[in-house]
Amino acid sequence: MTNSDNYSSQPTTASLKDVCRTIFATIWACWGLISFVITFLIVFIPSMLSYLIPEPKGQDYFIALSKVWMWTWLRMIGCPAIIKGKENFKKGHTYVVVYNHNALLDVPLSAPFIPGGNKTIAKASFAKVPIFGWFYKRGSVLVNRGDNKSRLKSFEDMREVLRNNMHMCIYPEGTRNRTNEPLKPFFDGAFKLAIDAKKEVIPCIIFGTKKAMPANKGFYLWPTRLQMHFLPAVSSEGLKAPFLKEKIFNIMKEHYLKGV
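Residues numbered from 1 in each chain as written. Predicted model: local features only at pLDDT ≥ 70, side-chain atom pairs only at ≥ 80, totals over all residues. Heavy atoms only, no water.

1. Brief notes about the pattern of salt bridges
Right, so step 1: Tallied over the full model, the rule gives eight salt bridges.
Right, so step 2: Between Glu55 and Arg138 there is a salt bridge, and its shortest N-O distance comes to 3.2 Å. In this pair, Glu55 sits in the loop between helix H1 (3-48) and helix H2 (57-76) while Arg138 sits in helix H4 (residues 132-138), placing the two residues 83 residues apart along the sequence.
Right, so step 3: Taking the relative accessible area as the measure of exposure, Arg138 reaches 5% and is therefore buried.
Right, so step 4: In this structure, Arg163 and Glu156 form a salt bridge, with 2.6 Å as the shortest nitrogen-oxygen distance.
Right, so step 5: The class of Arg163 is partly exposed, set by a relative accessible area of 43%.
Right, so step 6: Residue class for Glu156 comes out partly exposed when judged on its relative accessible area of 33%. (Salt bridge = Lys/Arg side-chain N within 4 Å of Asp/Glu carboxyl O. Helix = DSSP H or I, 4+ residues; strand = E, 2+ residues; numbered from the N terminus. Buried < 20%, exposed > 50% of the residue type's maximum accessible area, 1.4 Å probe, protein only.)

2. Some details on the nonpolar core
Right, so step 1: With 35 residues, the main nonpolar core has Leu74, Val97, Tyr99, Leu109, Leu226 and Phe230 as its most contacted residues.
Right, so step 2: Every element with two or more residues in this core is listed here: H1, H2, strand S2 (96-99), strand S6 (201-207) and strand S7 (226-230).
Right, so step 3: It is H2 that contributes the most residues to this core, six residues altogether.
Right, so step 4: In terms of nonpolar packing, the next biggest core, distinct from the first, is built from 28 residues, Val141, Phe186, Val201 and Ile248 among them. (Core = buried A, V, L, I, M, F, W, Y, C linked by side-chain atoms within 4.5 Å.)

3. Brief notes about a nonpolar patch on the surface
Right, so step 1: Residues Trp31, Ile34, Ile38, Ile42 and Met76 make up a contiguous nonpolar surface patch of roughly 460 Å² in combined accessible area.
Right, so step 2: At four residues, H1 tops the list of elements feeding residues into the nonpolar patch.
Right, so step 3: Judged by its relative accessible area of 59%, Ile42 is exposed. (Patch = residues over 30% accessible without salt bridge, like charges linked within 9 Å, V, L, I, M, F, W, Y side chains within 5 Å. Areas by Shrake-Rupley, 256 points an atom, 1.4 Å probe, with all protein chains shown as cover.)

4. Observations regarding the pairing of S7
Right, so step 1: Extensive coverage of S7 is indicated by the burial of five of its five residues.
Right, so step 2: Taking every second residue as pointing to the same face, both faces of S7 are buried, with Leu226, Met228 and Phe230 on one and Gln227 and His229 on the other.
Right, so step 3: Examined bridge by bridge, strand S1 (residues 81-84) and S7 share four bridges and lie parallel to one another. Bridged to Lys84 within S7 is His229.
Right, so step 4: Sheet topology places S6 next to S7; four bridges connect them, and they run antiparallel. Bridge pairing links Phe207 to Gln227 in S7. (Pairing = 2+ DSSP bridges.)

5. Observations concerning the packing of aromatic side chains
Right, so step 1: On inspection of all chains with the given rule, the structure shows 21 aromatic pairs.
Right, so step 2: Both rings, one in Phe36 and one in Trp69, keep their centres 5.1 Å apart while their planes meet at 45°; by these two values the pair is tilted. Placement of Phe36 in helix H1 and of Trp69 in helix H2 is noted, with a sequence separation of 33 residues between them.
Right, so step 3: By relative accessible area, Trp69 is classed as buried at 5%. (Phe/Tyr/Trp six-rings, centres within 6.5 Å; stacked < 30°, edge-to-face > 60°.)

6. Thoughts on unusual backbone geometry
Right, so step 1: The residue after Glu55, namely Pro56, is reached through a cis peptide bond having omega 0°.
Right, so step 2: Position of Pro56 relative to the elements: it lies in the loop between H1 and H2.
Right, so step 3: Even without being glycine, Ile131 reaches a positive phi, approximately 65°.
Right, so step 4: Its place among the elements puts Ile131 in the loop between strand S3 (118-123) and H4.
Right, so step 5: Judged by relative accessible area, which is 41%, Ile131 ranks as partly exposed.

7. Considerations on the side chain of Ser140
Right, so step 1: Checked against the element boundaries, Ser140 lands in strand S4 (residues 140-143).
Right, so step 2: Of the residues examined, Ser140 reaches a relative accessible area of 12% and is grouped as buried.
Right, so step 3: A polar atom in the side chain of Ser140 sits 2.7 Å from the backbone oxygen of Tyr136.
Right, so step 4: With residues up to four places along the chain from it excluded, the contact list for Ser140 reads Lys119, Thr120 and Ala122. (Polar contact = N/O pair within 3.5 Å; in protein donor to acceptor, adjacent residues only side chain to side chain. Contact = heavy atoms within 4.5 Å.)

What follows is the structure, given as structure tokens:
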């Protein structure tokens, strides 16, 4: 065999590996979806009892149940999560918690593993999904980003979450990061909220979801060990939103680049 023959076979081998990997990831995504639906149906009725419990106890119960569900489901799909930095949540304090956002898998991973009750800013359209929408709405502050009235109402709803001694979880990138950069530019909302409510911000970096469920891969799931790192709280006192946003962005970017 000539050298040219040897070189030409390498792309073929690499392509075959990619095809096999994609086939497995697609099959595994089917298992992920099936197991998600089955486990959701098990926890659905118990979770709806949270509507009968006054806040914030109702949300505490809802989050505790969600944590059990996600802890179980993530292991079923080969994506167990390691959580670091929970000691940065001081008892009796509530925070604006901001995450990087690489994949759909970030959403079920983030809120359940925060110590204490919390809600997440989320798309209003998902609340229309039959049955699941009731669960989704229970854990979220809903917003239609294309509607100014909805955005204004969501800001007041988030303030109310904090007033009720619950944490507010936000993805400041807005949508999943499909770029090659560690983070997309942040929007101001999370930081205006922290300043307005006089709350500290806890940055959180999620590792592994970009590999497990790449935003550009469609129906795809790869077993991956996930990690969430809650970083020390950052005070919003005396700061303007653009400066606080830049400060948090740099902290998160630096930690992301360090890796796990």
